[in-house]
Each structure stands twice: as structure tokens, then as C-alpha cells.
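# A look at the structure
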Amino acid sequence: MAARVRQTVTRLADGRELIYFDDTEPFVSGAATRETRDRRVLPAVAAMSELRRDPLTGEWVTFAAHRMDRTFLPAVAECPLCPSTPETATEIPADDYDVVVFENRFPALGADTELPGTEFSGTDLRPRRPAGGRCEVVAFTADHDATFAELDAVRARTVVDVIAARTATLSAVPGVRQVFCFENRGAEIGVTLQHPHGQIYAYPFLPPRTTTLVERAREHRARTGRSLQRDVLDAERRVGTRVVWSGTAWTAYVPAAARWPIEVHLAPHRDVPDLTALDETERDELAVLQRDMLGRVDRFFDGVDRVPYIAAWHQAPIGDDREHGRLFCQIFSVRRAPDKLKYLAGSESAMGAWISDTTPERIAARLREVGT
């Protein structure tokens, strides 16, 4: 991580880890330290998650019944991601902060306890295993009403450094197969907290999307000797029809088979497996590009101030098949019109066969049009 960001590691009242990442004075120089004492009285986190493999698809499904009672759209005065005040103690003990990472109080992953006997005893039709791994929350700013697109260049760059640092740390945890960094924004997406934040999942298995990406990349490599994602990026840059933004180190383009009403991919020009491999120049340009693209998403529809979206970082697997992964960010939205959402109905939900109401070329044209 760049020297301009200072880390302070502490523990919350229930033992969960919290890390302050400071990029402002007097904290970045160490002249002062953020408040680290959590004055709440909290029970220990009891994650009862487990994984079960679907025998029909081979996919792992996570069961985390304890999340049913997690915090849901609290009032601003009760937001757990805002700084603490003399009257209210939140997840963040300090009265202000730059960027904070902490272990999720209601994690989908992280249970390492033994499970009772499996169903279908004596067969392997439905194997079960503890849902090891880790789930973290990344609070981008203390400003409850901000958006990522509204962060200044320094703060956006700090967030890039933070998720890269956490990717490096979590990638070294035994049993982790992939680190997934993402931001959910908007009630339509299903967020439970409106404060600007992202999340990081350290999966103990390869998710279905990654498995498919790896399989396709492996087939392409065997057939051509080249990287599939690199070939796709080069083709998009050469044709240019769906390119929205082109810089020195990054290109933003709408994929030729975009599934969502708004979708754009941010891809580095250099072949890198994950965020940790980005150099300083690439991180600087990424901080500019990501804010720019998210701002365009918010301006996509006339009369809509904040469009719901997911910004998902696809990173290479850890261990086997790492050579077949390549970093890219997928930004997409479920909104298809100012007053309409894209619902995954029968064909999409049951069969995985997508039907789009627009074209990638129209999406790209609109994203170029709303640029500043």
C-alpha cells in the first residue's frame, strides 16, 4: 500500500477486527490516532453458516440462517456505519474516519465448526462442509449521504489501495479460493444499509461465475495459446463501437453480450490477476475511471438521481487455475427505465437464458453521451 495511507488495527467489543485506513492529517503521519475503544457490550458473533453442494449442478450453496435478523435499513440516526457520537455507539468507535474495514457482524461465511451428520448417509449426493472464509465491510467515507462517484480523487484512490491490501491479506488465508470485492448501491439491489460502503468475501470455493470464466479461458488457451479476456479487450478496443472510455492503462467498454440494462466493464490494459498486482499509475487512473463511470451510471436516466448498481471486482482464483484469471470490474444496474426495473423472470431465473430489452451498442452510446 502507498505510504500516504496509515493503518490502525483494533478490536470491537465482540472481538471482531477493525482497521482504520487514514489518508488525512494528523492521522496519516501518526501525529494522532483514531479512537479504538468500543464502549458497547456485545455478545460474541455466532455464525452458523454451512455449505451444501447441489448434486444436480455441482454448485455450492451457502446457508446462513443467523443473517435473517441482521440490521435492515435503519434510520440515519441509527446507522451503524456512521461515526460514533457521545449519544450513539456504532460499529466504528471513532467520531470521524477516512476509510474503515471491519469484520461483518452478520457474516455469510466464517463458521469453522463441525456439522452434524449429512443427509443421504453413505452417499455423496449432498455433501456438507463448514462455511469457512471471511466477510468484511468497507466504509468508504464518514459522510452518510455521499456516493462513490462523489468521493474526491484522494479518497477514491485510498479505497483502491484498501481493497487491494485486503485482497492480499485474505488471499494468504489458508483455504480461501477467491477474494471478491464489491459494492451494492440502492434499495432495489437489496442493500440493508444505505451508508456508502462495499464488502469483501473470501470464498472457500470457486463461485459459479468464476468457474465458468476459468473454464472458458482454459479452453481458449488450449485452442489458441492466448488469454481469452485479453483477446476480448483487444477486439473491443480495435472495433471501438462499445468503448465508453479509453485511457493510458484502462478501458471501459460495454460487453458484446451485456445482460443488464446498464452494464460496463473496466479492464486494465496490462494482464494482471488481481488488484494487488496494479502499479501506482494503474491505481491512479482506476480511481479516476471508477468515479467517472459510476457518475455516468447515475446520469443514465433523465430524472433519476441515484441509479441502483453493483460494482463487482472479478479477480483470479487462488491456487489452481490462477493463470486463467484476469482482473476486471463489472458495473451493472437492474434499472431499465426511469420507472422500471429488470426482473429476472422465468427464462433468466429458471433456465439462465437471458433476454435483453436493449442492445450493448445503445448502452455504450448513452454512457458516452452522459460523460462530462
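Structure shown above.
Computed from a predicted model, the values in this text were never measured in an experiment.

### Some points on the overall build of the protein
On a plain count of helices and strands, the protein comes out with 6 helices and 16 strands. A globule of 372 residues ought to have a C-alpha radius of gyration of about 21 Å, and the protein, at 21 Å, matches this closely. Taken over the C-alpha atoms alone, the protein extends approximately 60 × 55 × 40 Å along its principal axes. Considering the protein as a whole, with its 372 residues, one finds that 51% of them fall into the buried category. Of all intrachain contacts in the protein linking residues separated by at least 6 positions in sequence, the fraction that spans at least 24 positions is 67%. Total accessible area on the protein is roughly 17,400 Å²; 51% of this is exposed by carbon and sulfur atoms. A gap of 4 Å separates the mean positions of the 48 positive and 55 negative side-chain charges of the protein.

### Some details on helix H4 (residues 280-298)
Counted at 1.5 Å a residue, the expected span for H4 with its 19 residues is 27 Å, and the 28 Å between its end C-alpha atoms agrees. Most of H4 is tucked away, with 14 of its 19 residues classed as buried. At the N-terminal boundary of H4, the capping side chain belongs to Asp279, with an oxygen 3.2 Å from the backbone nitrogen of Thr281.

### Focus on the pattern of salt bridges
On inspection of all chains with the given rule, the structure shows 38 salt bridges. In this structure, Asp14 engages Arg16 in a salt bridge whose closest nitrogen and oxygen atoms are separated by 2.9 Å. The pair formed by Asp14 and Arg16 is uniform in burial state, with each residue classed as buried. One connected set of salt bridges, linked through shared partners, spans Arg4, Arg157, Asp161, Glu280, Arg283 and Asp284.

### A few points about the nonpolar core
Residues Trp250, Leu266, Leu275, Met293, Trp313 and Ile331 are the most contacted members of the largest nonpolar core, which totals 54 residues. No other element matches the 7 residues that helix H1 (residues 153-171) contributes to this core. Those residues in contact with Ile331, other than ones at most four positions away along the chain, are Ile262, Glu263, Val264, Leu266, Met293, Leu294, Val297, Ile310 and Ala311. Judged by nonpolar contacts, the second largest core, of 17 residues, contains Tyr201, Ile310, Ala312 and Val334.

### What to know about unusual backbone geometry
Pro26 follows Glu25 through a cis peptide bond whose omega is 5°. Within the secondary structure, Pro26 is located in the loop between strand S2 (17-22) and strand S3 (50-53). Of note, Asp321 is a non-glycine position whose phi angle comes to about 70°, a positive value. A residue is classified by how much of its surface remains accessible, and Asp321, at 24% relative accessible area, is partly exposed.

### Notes on the sheet that holds strand S6 (residues 128-130)
Strand order in the open sheet formed by 3 strands is S4-S3-S6, with antiparallel pairing between adjacent strands. With partners counted over all chains shown, the strands left at the sheet margins are strand S4 (60-63) and S6, one partner each. Pairs of neighbouring strands in the sheet enclose a mean axial angle of 30°, with direction left out of account. With 4 bridges joining them, S3 and S4 adopt antiparallel strand pairing. From the neighbouring strand, Leu51 faces S4, where its bridge partner is Thr62.

### Brief notes about the pairing of strand S1 (residues 6-11)
Sheet topology note: the S1/S2 ladder contains 6 bridges and is antiparallel. Bridge pairing in S2 links Arg6 to Asp22. Adjacent in sequence and paired antiparallel, S1 and S2 are bridged by 5 residues, among which Gly15 carries a positive phi angle near 95°.

### Section: the packing of H1 against H4
H4 packs onto H1 with a crossing angle of 120° between their chain directions and a minimal axis gap of 9 Å. In terms of orientation, H1 and H4 fall into the oblique class. Pair H1 / H4 crosses with right-handed handedness. Along its contact with H1, which presents Ala153, Ala156, Arg157, Val160, Asp161 and Ala164, the element H4 presents Glu280, Arg283, Asp284, Leu286, Ala287 and Arg291. Looking at the contact of H1 with H4 residue by residue, the classes come out as 6 nonpolar, no polar and 6 charged.

### Structural notes on the pairing of strand S7 (residues 134-139)
The element S7 is largely enclosed, with a buried count of 5 among its 6 residues. The pairing of strand S5 (residues 99-103) with S7 spans 4 bridges and is antiparallel. Counted as the bridge partner of Val100 is Ala139 from S7.

### So, helix H2 (residues 208-224)
With 17 residues, H2 should cover 24 Å at 1.5 Å per step; its first-to-last C-alpha distance of 24 Å lies within 8% of that length. Residues Thr210, Val214, Ala217 and His220 constitute the buried set of H2. Projected onto a plane normal to the axis of H2, the buried residues spread over an arc of 130° and lie on a single side. Turned more than 90 degrees away from the buried face of H2, the exposed residues are Ala222 and Arg223. Next to the buried residues of H2 lie strand S8 (178-185) and helix H3 (228-239). Positive backbone phi, approximately 80°, marks Gly225, located one or two places after H2.

### Overview of the sheet that holds strand S10 (residues 243-246)
Across a sheet, strands are paired by hydrogen bonds formed along the backbone, either parallel or antiparallel in direction. With antiparallel pairing, 11 strands are arranged side by side in an open sheet as S1-S2-S5-S7-S9-S8-S13-S14-S12-S11-S10. The open sheet has two edge strands, S1 and S10, and neither has a second partner. Here the average twist between neighbouring strands, direction ignored, is 20°. Its contacts with the sheet place H3 against S10, strand S11 (250-253), strand S12 (262-268) and strand S14 (328-333), and it is angled at close to 75° to S11. Here H4 sits on the sheet in contact with S8, S10, S11, S12, strand S13 (309-314) and S14, set at roughly 145° to S10.

Rules behind the numbers
- Residues numbered from 1 in each chain as written.
- Predicted model: local features only at pLDDT ≥ 70, side-chain atom pairs only at ≥ 80, totals over all residues.
- Heavy atoms only, no water.
- Helix = DSSP H or I, 4+ residues; strand = E, 2+ residues; numbered from the N terminus.
- Rg over C-alpha atoms; globule rule 2.2 N^0.38 Å.
- Buried < 20%, exposed > 50% of the residue type's maximum accessible area, 1.4 Å probe, protein only.
- Contact = heavy atoms within 4.5 Å.
- Areas by Shrake-Rupley, 256 points an atom, 1.4 Å probe, with all protein chains shown as cover.
- Lys, Arg positive; Asp, Glu negative; His and termini not counted.
- Charge placed at Lys NZ, Arg CZ, Asp CG, Glu CD.
- Expected span 1.5 Å × (residues − 1).
- Polar contact = N/O pair within 3.5 Å; in protein donor to acceptor, adjacent residues only side chain to side chain.
- Salt bridge = Lys/Arg side-chain N within 4 Å of Asp/Glu carboxyl O.
- Core = buried A, V, L, I, M, F, W, Y, C linked by side-chain atoms within 4.5 Å.
- Pairing = 2+ DSSP bridges.
- Axes fitted to C-alpha atoms, helices over the stretch in contact; angles between N-to-C directions.
- Parallel < 35°, antiparallel > 145°, perpendicular 65-115°, else oblique.
- Left-handed = near helix turned anticlockwise from the far one by under 90°.
- Nonpolar A, V, L, I, M, F, W, Y, C, P; charged D, E, K, R; others polar.
- Arc of directions from axis to C-beta.

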